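Structural description and commentary
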Amino acid sequence: MPILIVAVGVAMSVFLHAYITGLMNDSIEMNAKLSFGHVKVVTKSFAENISQMPTDLALLETTALKEKLSKEFPEVAWVERIQFGGLIDAPDENGETKSQGPAIGIGIDLLSAPTGRGGETERMGMAKSLVRGRLPENKGEILLSELFSQKLGVNPGDKITLIGSTMNGAMSYYNFFLAGTLSFGVQVMDKGTIVADIEDVRLALDMEDAATEITGFFGSGYFSADLAADVKEKFVSNFPNPENDEYSPVMLSLKDQGSMGQFVDLSNTMGAIITFVFMLAMSLVLWNAGLLGGIRRYGEFGIRLAMGEEKKHVYRTLVYESVMIGIAGSVVGTAFGLFFAWLLQTYGLNLGDSMKGSSMMMPTIIRARITPVDFYIGFLPGIVSTVIGAMLAGVGIYKRKTSQLFKELEA
Amino acid sequence: MKIAFKLAFRNLIGAGLRTWLNVIVLSFSFVVIIWMKGILVGWDHQAKNDMEQWEIGKGQFWHNQYDPYDGFTITDSHAPIPSEFKPEIEKGEMVPMLFAQGTIYPQGRMQPAMIKGIPASQTLLKIPTHKLDSVTDAIPAIIGEVMARSSHLEKGSRIVLRWRDSKGTFDATEIEIVDIFSTTVPTIDVAQVWINLETMQEKLLLPEQATLFSFANPEENRSEVGDFRLKTKKDLTAEIDAMIETKNKGQSVFYIILLLLAMLAIFDTQILSIFRRQKEIGTYVALGYTRQQVVTLFTVEGAMHAVLAAALAAVYGVPFFIWQARVGFTVPMDTSEFGMAIAPTMYPIYSMGLILSTTIIVLLTTSVVSYWPARRIAKMNPTEALRGKIQ
Amino acid sequence: MKTIIAFILTIITLTGFSTPDANEILRKVDKNLSSDNRVMESSITIQGKRGARTITSKTYAMGDKKSFTEYLSPAREQGTKMLKLENQLWIYSPSTDRIIQISGHLLRQSVMGSDLSYEDMMDDRKLTDIYDAKVLSEEELDGRKTYLIELTAKVTDVAYHSQKMWVDAERFVPLKQEMYAKSGQLLKRLEMKDVIQVKGRWFPTTMIYKDMLKDGDGTEFKISKIEFNVEIPEYIFSKAALKK
């Protein structure tokens, strides 16, 4: 019984910690995946004009650059991306303009990367935000945000033309087949977003071996400010820019972009506060449980004292046992907590059902996130509180007479 | 029943530390749940309030063509101000605005910007439009902080703004940034330049025309006036609702776990109480209590935890809540990139309903958890119990 | 000395003595520049942030209302065709096999990344139809005597409210043009060079177009070959010809 209580308590703490971490990081990771990355490499002038998405300030020779980055930072997954603006033109049956609308485009590796874990399709959560059609499987296929497709009056399978501007500023035209439509859950994006394979975008915008950015994602799949700082520092020394050239690569971490810096710091603080409050509560509960566990055994102590055992020894064994209970409970609890957290991390808890258009990219699915901390966070309250409780209960051994304790057995 | 409460209370206090540990944990649940819910309510309120005060008033009328997400619609989104609106505009209860696409040239680079004309004299919205009356040889303009940052502009900066009038003729002139305002509503900040409506109407050759109106009187039921159609505050803030709803659900998992934890403690305590106090139970029965009454007694005792917890929560929670409501809490949420109004600092709002419902929920769960082990009493053999035999 | 000459010239201008009427100058300019039929090959060099690029094209124009342009190089642009009829514009891109109508806002985009917008090319009205002219002075520009005339829009639907134009006093070809916003802000500058005579008309074969608000070196437009009054089959100015 006492082990069970400790285990349940510890399991809850572990689970909760993973849950809070997941919850707090949801929006951060969402932003990272869609646009900011954990770190990203862009040209110096691109960084200065980042809000304009200036494709003319894109990085060149990105294959080599990406390779170099992968060699220097094997712990980071690097992907080339192109963010661009353009116009989508839908033809009528004669191939002439039927409707047009402005679009914000993202070119990512949809085709060559494995579609399984680690691929961009998975990273962006494409499959679950798909509304109609399917994901691109072939060259020349494109995804449109659902609202945008409705506005243009196009359906999966239709041909649409992207009118963009090349890196050199020339107008460019490129045909796509609409593979499917997406819902992002954010109006700005839903109104006019297109997602296409980066190779298609390169062809379309005449950006051979170029990309507006090389985005890096940490191996853990989650942002870490410390790691980002390390990577950035190493980048500065490995990719020096003595002449302050406009087009040399610079690195931005997630925290440097938008108001993400503030956001990350606050999320961490908030997560820490909640965890602390909960740990405090849990410690009190386990303390109480330890206390109760000790009190339960007053009768037994009475007998042991009557049989000539020293109070000190009884007390010590009580404490030892509580240590054992604490450890056993913590181990079992951590295991269970991790298991449940893992379930929630893998499958997620869909809270978006009651919302319109339940499938969307914005985090309506809440996931836990297991961090190394979860492996030991339960032990501290699990053991310490249990032992403190037992120790307090043990004080009773000294306070009461043997006969009284013995009587407790009856009671 | 009265005696049951008295007894329960005495028993609980008598248990000392054990009770207090439970009560403290339970009081945490109270405080944390009320606080977190309060933050959400406050956030919701503030986000909507900010939108109301900065942008939409009690609602807006949009020109039929106007679609904020499609820049191409802007050029055609204007019509003469309906005469119906004029009295309201004169009273300051309605603010007409006229939009146009423009281009600014900070550091020799072209940058598109939406030019918004708003009456300098308006006081309905918090945009500091009175600054637009500044006397300068350039056109006085105000911009938001985000815009200032992304375009590297500051107060006193002068840049060339180029636009085309409604006939298509280019016009360009220097504007002077006379003020930079800080708002939580990105839709009036990002890539926008505010100038005086009259200047705008004159420059665009669109006298007495507007793209949209924000109004102050929600009561009047007009769904369409001329070329303008109504957008209620509810329509305009729907995205905030959806967001708050998701956050609320995300948090409730936390409440549940916290409550579960507290319940675990009470459950454990109850079991021990019943285990150790069998003699007492036997005595009650011997004294003529029905078993049900004894069960009630123990249940009340357990539930009393919640009452004490509520009292304790009030002792440290109330000052905490008041302090929070005053200084606010900086919520780790900034979705301004996505175009939603999120204030960096939230001031929690606690409604009576929130406090009551939380109290009732905690009280009910505690009662259930207390009752659960107490049911065993009903199955006890009173004589055995009296003798203190473990059953 | 120079100032004295300038002063004297100004006096002369003011008294209208020996200076042709500004509208007359403009009419002569129109006569030189706007034409009946012409076929020309040209190249446009755009100074981008990261180097220059040259696009060559062949243009057929009939009167001022119809024109058809086919891009010849670079490979990327080759085969792209543009048809202008009145105030409508279509672009055919061979890679997409699509005819795309450039309308409304797209017209305001720059042509091939240059400092020209489609709209700049679209306005086919005669200068005398849209502007009132006034001679400001006589100036010497690159060794040629010019009349500096000021054009002020007399219609409302015009891109540039006013222009300054330096017109060669002998050949009646503008050598420099400045476009102003209503506020008087200088927006664009056009410089014409390498004036040649073809079938009795004077025509500048090099034009440098510069957006004055933007950094950069502007766009150079060079005519390598120009013929006037040649037979152009009517079918060229149809949407069907775009796809051929």
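In this convention, every chain numbers its residues from 1, walking through the sequence in written order. To read the labels, note that chains go from A and ligands from 1, taken in the order they are written. Per-residue local features of the predicted model are confined to residues with pLDDT of at least 70, and side-chain atom pairs are confined, for both listing and counting, to 80 or more; whole-chain, interface and lining totals are unaffected and use all residues. Only hydrogens and water are set aside; all other atoms, that is, all heavy atoms of the structure, feed into the side-chain values.

Some remarks on the interface of chain C and chain A
- Residue contacts are counted whenever heavy atoms from the two residues lie within 4.5 Å of one another. With 24 residues of chain C at the contact, the number on the chain A side is 33 residues.
- When the buried surface of chain C facing chain A is broken down by residue, C:Arg50, C:Arg76 and C:Arg98 rank first, second and third, together holding 36% of it.
- The salt bridge definition used is simple: a Lys or Arg side-chain nitrogen within 4 Å of an Asp or Glu carboxyl oxygen. Across the contact surface, chain C and chain A share 3 salt bridges.
- Note that A:Asp206 is salt-bridged to C:Arg76, the shortest N-O span being 3.8 Å.
- Counting from the N terminus, the helices are DSSP H or I runs at least four residues long and the strands are E runs at least two residues long. Where the side of chain C that touches chain A is concerned, the elements lending two or more residues are β5 (88-93) and β6 (98-102) of chain C.
- Looking at the side of chain C that touches chain A element by element, the count peaks at 5 residues for β6(C).
- Put simply, Ala, Val, Leu, Ile, Met, Phe, Trp, Tyr, Cys and Pro go in the nonpolar bin, Asp, Glu, Lys and Arg in the charged bin, and everything else, Gly too, in the polar bin. Residues of the side of chain C that touches chain A, tallied by class, amount to 7 nonpolar, 8 polar and 9 charged. Buried surface area refers to the total accessible area, computed with a probe of radius 1.4 Å, that the two partners give up upon joining, counted for both partners together.

Focus on the environment of B:Phe329
Residue and element names in this part refer to chain B.
- Among the structural elements, Phe329 can be located in strand β13 (residues 329-330).
- For every residue, the accessible area obtained with a 1.4 Å probe (protein chains only) is divided by the maximum for its type, and the residue is called buried under 20%, exposed over 50%, and partly exposed between those limits. Using a relative accessible area of 12% as the deciding quantity, one classes Phe329 as buried.
- For the pair Phe329 and Arg162, spaced 167 residues apart in sequence, the C-alpha separation works out to 42 Å.

A word on the pattern of salt bridges
- Taken as a whole, this structure holds 32 salt bridges over all chains when the rule is applied.
- One salt bridge connects B:Asp67 with A:Lys191, and the closest N-O pair in it is separated by 3.9 Å. Separated into two different chains, B:Asp67 in the loop between β1 (59-63) and β2 (79-80) and A:Lys191 in helix α7 (residues 187-191) make up a pair that spans both.
- Judged by its relative accessible area of 15%, B:Asp67 is buried.
- Where B:Glu208 meets B:Lys86, a salt bridge forms, and the shortest distance between an N and an O atom there is 3.7 Å. Of the two residues, B:Glu208 is situated in the loop between α5 (197-204) and β9 (209-210) and B:Lys86 in helix α3 (residues 86-91); the sequence distance between them amounts to 122 residues.
- One connected set of salt bridges, linked through shared partners, spans A:Lys66, A:Glu80, A:Glu199 and A:Arg202.

Overview of the nonpolar core
- Judged by nonpolar contacts, the single largest core of 103 residues is most densely connected at A:Phe278, B:Leu26, B:Met97, B:Ile118, B:Ile127, B:Trp194 and B:Phe254.
- Considering every element that reaches this core, the biggest residue donor is helix α2 (residues 17-56) of chain B, with 19 residues. Here the nonpolar core consists of buried residues drawn from Ala, Val, Leu, Ile, Met, Phe, Trp, Tyr and Cys, with membership extended through side-chain atoms lying within 4.5 Å.

So, the packing of aromatic side chains
- Only Phe, Tyr and Trp rings take part, Trp by its six-membered ring, and two of them pair if their centres are within 6.5 Å. Stacked means planes under 30 degrees apart, edge-to-face means over 60, and tilted covers everything else. Tallied over the full model, the rule gives 24 aromatic pairs over all chains.
- Where A:Phe339 meets A:Trp342, the ring centres are 6.4 Å apart and the plane angle is 25°; that geometry is what we call stacked. Highlighted residues: A:Phe339 and A:Trp342, both in helix α12 (residues 311-347), separated by 3 residues, approximately one helical turn.
- Under the relative-accessibility criterion, A:Phe339 is labelled partly exposed at 41%.
- A ring pair is formed by B:Trp35 and B:Phe320, whose centres lie 6.1 Å apart and whose planes are at 55°; its orientation type is tilted. Of this pair, B:Trp35 sits in helix α2 while B:Phe320 sits in helix α9 (residues 291-327); the two residues are 285 residues apart in sequence, bridging distant segments of the chain.

Points about a negative patch on the surface
- Each patch groups residues whose relative accessible area exceeds 30% and which form no salt bridge, using 9 Å between like charges and 5 Å between nonpolar side chains of Val, Leu, Ile, Met, Phe, Trp and Tyr. Working definition of accessibility: Shrake-Rupley area with a 1.4 Å probe, residue cover restricted to the visible protein chains. Positive charges come from Lys and Arg, negative ones from Asp and Glu, while His and the chain ends are left out of the count. In this description, the location of a charge corresponds to atom NZ of lysine, CZ of arginine, CG of aspartate or CD of glutamate. Negative charge collects at one region of the surface, where A:Glu75, A:Asp226, A:Asp230 and A:Glu233 lie side by side.
- You can see A:Glu75 is positioned in the loop between α3 (62-72) and β2 (76-91).

Examining α5(B)
- Three or more residues of α5(B) are buried, namely B:Leu197, B:Thr199, B:Met200, B:Gln201 and B:Leu204.
- Buried residues along α5(B) sit in contact with β3 (94-104), β4 (111-118), β5 (139-144), β6 (158-164), β8 (192-196) and β9 of chain B.

Some thoughts on helix α11 (residues 298-306) of chain A
- Within α11(A), burial applies to A:Tyr298, A:Gly299, A:Phe301, A:Gly302, A:Arg304 and A:Leu305.
- Just downstream of α11(A) lies A:Gly308, where phi reads positive at about 100°.

Notes on the confidence of the model for chain C
- Here chain C averages 82 in pLDDT, and 86% of its residues register 70 or above.
- Of the regions scoring below 50 in pLDDT, residues 7-17 of chain C engages in 9 contacts with residues more than four places distant in sequence or in other chains. The pLDDT value expresses, per residue, how confident the predictor is, ranging between 0 and 100.

Brief notes about a nonpolar patch on the surface
All names here are of chain A.
- Together, Ile327, Val331, Val332, Phe336, Phe339, Phe340, Trp342 and Tyr347 line one region of the surface with nonpolar side chains, adding up to about 780 Å² of accessible area.
- With respect to the element layout, Phe336 can be found in helix α12.
- Among the residues examined, Phe336 registers a relative accessible area of 46% and is labelled partly exposed.

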